[in-house]
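Examination of the molecular architecture
Here's the letter readout for the chains.
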Amino acid sequence: MSSYLTLIPFIKKYKWFYLWGVLSLIMVDALQLAIPEILRRITDALQFGTLEKQQLFMYSLTILFIGLLMMLFRFLWRILIINSSRRMEYELRNEMFEQFLRLSTSYYNDKKTGDLIAHATNDILAVRNAASGGIITFTDALFLNLAAVTMMILTTNLKLTLIALIPMPILAFAIYQFGASINQRFKIVQEAFSELTESVQESFSGIRVIKSFSREEQEIHLFDQSNENLFNKNMNLAILFGTFSPTIQFISSISFFITLIYGTQLVMNHTITLGSFVAFNGYLASMVWSVPVIGFVINILQRGAASMSRINKLMEETPNIVEASDAIDLRNVHGHIEFSNVTFYYTTDKVPILKNFTFHIDPGSTIGIMGPTGSGKSTIPTLLLRLYDPDDGEIKIDGIPIKDTSLRSLRDQIGYVEQNSFIFSASIYENIAFGKEDHSKENIEMAAKLAGLHQDIVSFPETYNTLIGERGVTLSGGQKQRLAIARALVKNPPILILDDSLSAVDTQTEERILEGIKSTIHAKTTVIIAHRISTLKYCDKILVLDNGRPSEYGSHEELIKLDGFYAYQYYQQMLEDEIT
Ligand SMILES: Nc1ncnc2c1ncn2[C@@H]1O[C@H](COP(=O)(O)OP(=O)(O)OP(=O)(O)O)[C@@H](O)[C@H]1O
């Protein structure tokens, strides 16, 4: 329950809402307890034949008035408490999303999307329930219980009260036991639900693969298994719930049974009046209702606490990549890049991806990087962008260690086109303008032209406003790549990195794009990671990586002469071109 401590700032912020809300709630309860008192007076007057018409009219009118006040106060507490819990949910969700974006790339390496979504949905919902329903019902039940017992003792009979309360400890124990099992089964249901959501998400994302491999039957079977698992877990919970209510009701009825036997005797021997007996039953009914509710509330609060501790854990995560407190802004970059003795592991228990890697790129030059798959090519821009930090060594831009620069200014200097860039479900325009806040229509069109995409865009019915992704048209692999290039070019960055980003484009288009970039954007340091020699031959120098270490370096001609990996790839690709 200590996990709720993090909610204190929220509660403090909305303390007046909560305070007035709880007071209104207590007013509702107090008014509710006045009704058995009126019934006592009416019954007594009826029993002793003293009830006058005008008195009955007044009592009825009072009950009506109480009903009206209860309506008003109920409305008030609902508005006040539900409103503040919704505000809390809103703020908590915003804070969580900000934290998600603050966390470093490595955080996402071993996290399931379904679990992350569950934090933002189920966990926040459970906390909101605890902060609204939980608090309301807890206050409600606690006050009602205490007030009802006090009224029973003060207005009726202490002994009858004590005897009627005998089953209450059994009731409390049963509720506690049920509560623990319900909580556990509820958690299992949540896990099964998360598994099902994950599997549905995967099926939607991989629908093309499923269809092209005719895996529909197997996927339906797998889904059926997950769904059946969820059904079984839900049934387990339902059975427990099904047993819970009747058991609780049965134990509660023992209280009425005792009251009926002992209470009627007290009436018959004139220890209490008939009116007191009626009122006593009214108080008992309020109590019997509220005892199980306390059990439920404890569940809601426990569930909320479990969710809150998961949220706290997430909020306490610190990003691996942090800015120095005196970080400087990188400005007017010339594009000199230097890697000195860089060693890097994605996971420390595995082999290093880059080993003592030392390399430098002159400003304004175009450098190609090639090497076998998995040799660490894409890791180089990842480190340059500080998506990860090296375990050893240093990286500098224009002589400034990138660790000393602000993340934003560093990333603003680099236009990085990933192997498989993500395309958002938005318009083409918005996708290109993504990385540049102060863009103009001309900038966007210029970038699209340079990336060789403009002609494709104008052939779409709504040109630049055409929606793409889930809500719109589907782009071809080559169009996606060119869109990603346009997105990087619109930033007009001093350093441009194309990571296998022309592989789905034919060689003539590729030639046009690279020529365009070279002739239009002067003095840009360009790094081209590629497997195709046709792409690399535009580069001033080419670095061949092998197992995280430079193995060859030189111009196209120099590397051919060297007769190593590059030359082998060159002849191999020439042969393929001749055959096709
Ligand atoms: N996020 C990650 N977590 C753990 N390991 C990773 C991660 N990204 C890449 N790796 C591993 O690091 C190694 C180098 O990956 P990298 O992407 O740099 O290779 P690459 O030379 O660009 O390969 P390719 O030509 O296939 O794109 C690979 O073995 C890869 O499995």
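Everything in this summary refers to the structure shown in the same document.

What counts and what doesn't
- Residues numbered from 1 in each chain as written.
- Predicted model: local features only at pLDDT ≥ 70, side-chain atom pairs only at ≥ 80, totals over all residues.
- Heavy atoms only, no water.
- Pairing = 2+ DSSP bridges.
- Helix = DSSP H or I, 4+ residues; strand = E, 2+ residues; numbered from the N terminus.
- Axes fitted to C-alpha atoms, helices over the stretch in contact; angles between N-to-C directions.
- Contact = heavy atoms within 4.5 Å.
- Core = buried A, V, L, I, M, F, W, Y, C linked by side-chain atoms within 4.5 Å.
- Buried < 20%, exposed > 50% of the residue type's maximum accessible area, 1.4 Å probe, protein only.
- Domains from an automatic or database assignment.
- Near = heavy atom within 4 Å.
- Polar contact = N/O pair within 3.5 Å; in protein donor to acceptor, adjacent residues only side chain to side chain.
- Areas by Shrake-Rupley, 256 points an atom, 1.4 Å probe, with all protein chains shown as cover.
- Nonpolar A, V, L, I, M, F, W, Y, C, P; charged D, E, K, R; others polar.
- Parallel < 35°, antiparallel > 145°, perpendicular 65-115°, else oblique.
- Left-handed = near helix turned anticlockwise from the far one by under 90°.

All right, on to the sheet that holds strand 10 (residues 549-554) then. Spatial ordering of the open sheet is given by 6-7-8-3-9-10, a layout of six strands whose pairing is mixed. Only two strands of the sheet have a single partner each, and these edge strands are strand 6 (414-417) and strand 10. The mean angle between the axes of side-by-side strands here comes to 15 degrees, regardless of whether they run parallel or antiparallel. Both strand 3 (residues 366-370) and strand 9 (residues 541-546) contribute to a ladder of four bridges, which runs parallel. Pairing of isoleucine 367 across the sheet is with lysine 541, part of strand 9. Against the sheet, helix 15 (residues 477-489) touches strand 6 and strand 7 (495-499), its axis set at about 175 degrees to strand 6.

Looking now at the nonpolar core. Ile428, Ile432, Leu483, Ile485, Leu498 and Tyr566 are the most contacted members of the largest nonpolar core, which totals 42 residues. If you list the elements that add at least two residues to this core, you get helix 12 (428-433), helix 13 (441-450), helix 15, strand 7, helix 16 (507-520), helix 17 (533-536), strand 9 and helix 18 (556-562). With six residues, helix 15 is the largest single contributor of residues to this core. Counting contributing residues, this core receives three or more from each of domain 2 (329-413 + 493-580) and domain 3 (422-492). With near-sequence residues (within four places) excluded, tyrosine 566 lies in contact with Met370, Ile533, Leu536, Ile542, Val544, Glu552, His556, Leu559 and Ile560. Counting residues in each nonpolar core, the second largest holds 35 residues, with Ala148, Met152, Ala174 and Leu230 among its members.

Okay, the site of the ligand next. Looking at the ligand, there are 14 residues lining it, with Gly374, Lys377, Ser378, Thr379 and Gln419 nearest. Between the ligand and glycine 374 there is a distance of 2.9 Å, counted from an oxygen atom to a backbone nitrogen or oxygen. Within the side chain of tyrosine 388, a nitrogen or oxygen atom sits 3.4 Å from a nitrogen atom of the ligand. Relative to its unbound accessible surface of 640 Å², the ligand loses 64% to contact with the protein. For the shell around the ligand, a count of residues per class yields four nonpolar, nine polar and one charged.

The strands making up a sheet associate through backbone hydrogen bonding, with each pair oriented either parallel or antiparallel. Across the sheet, four strands lie side by side as 2-1-4-5; this open sheet has antiparallel pairing. The strands lining the two open edges of the sheet, one partner per strand, are strand 2 (354-361) and strand 5 (400-401).

Turning to the packing of helix 6 (residues 167-205) against helix 8 (residues 216-268), a few remarks are in order. Running from N to C, helix 6 and helix 8 point in directions that differ by 165 degrees, and their axes come no closer than 9 Å. Taken together, the axes of helix 6 and helix 8 are roughly antiparallel relative to one another. Classified by chirality, the crossing of helix 8 by helix 6 is left-handed. Its residues assigned to classes, the contact of helix 6 with helix 8 shows 25 nonpolar, twelve polar and four charged.

So yeah, pure geometry; function would need other evidence.
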